[in-house]
Amino acid sequence: MTQKSKQVDCSETIRSRVEAARFRQFERYGEEITNGRVPIDVLLAKSPLTKGQQRLLQHWSATYD
């Protein structure tokens, strides 16, 4: 039986990913705010999703919350 090896990232790799994500969020919103804290109207305005996709996502979110 072979065991799948689990890749473990070092702290510096994780830090780099977090910093890159924070930078993208700053570029998107123009301020230091994370996706989890951005007001819904700003999130929807900046979203690359179409209005139909946004409505579907909101429906799924409300249904499975």
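Attention here is on the structure that accompanies the text. Treat the numbers as computed from the prediction; the structure is a model and nothing was measured. (Residues numbered from 1 in each chain as written. Predicted model: local features only at pLDDT ≥ 70, side-chain atom pairs only at ≥ 80, totals over all residues. Heavy atoms only, no water.)

**A short note on the side chain of Gln54**
Point 1. Inspection of the secondary structure assignment puts Gln54 in helix 3 (residues 51–63).
Point 2. With residues near it in sequence (within four places) discarded, Gln54 still touches Leu44, Ser47 and Leu49. (Helix = DSSP H or I, 4+ residues; strand = E, 2+ residues; numbered from the N terminus. Contact = heavy atoms within 4.5 Å.)

**With respect to the pattern of salt bridges**
Point 1. Enumeration according to the criterion identifies two salt bridges in this entry.
Point 2. With a shortest N-O distance of 2.7 Å, Arg17 and Asp9 are connected by a salt bridge.
Point 3. The salt bridge partner of Arg15 is Glu12, with a shortest N-O separation of 3.8 Å. Here the residue Arg15 and the residue Glu12 both occupy positions in helix 1 (residues 11–29), the gap between them amounting to three residues, near one helical turn.
Point 4. Classification of Arg15 by relative accessible area gives partly exposed; the value is 47%.
Point 5. Residue Glu12 is classed as partly exposed on the basis of its relative accessible area, which comes to 49%. (Salt bridge = Lys/Arg side-chain N within 4 Å of Asp/Glu carboxyl O. Buried < 20%, exposed > 50% of the residue type's maximum accessible area, 1.4 Å probe, protein only.)

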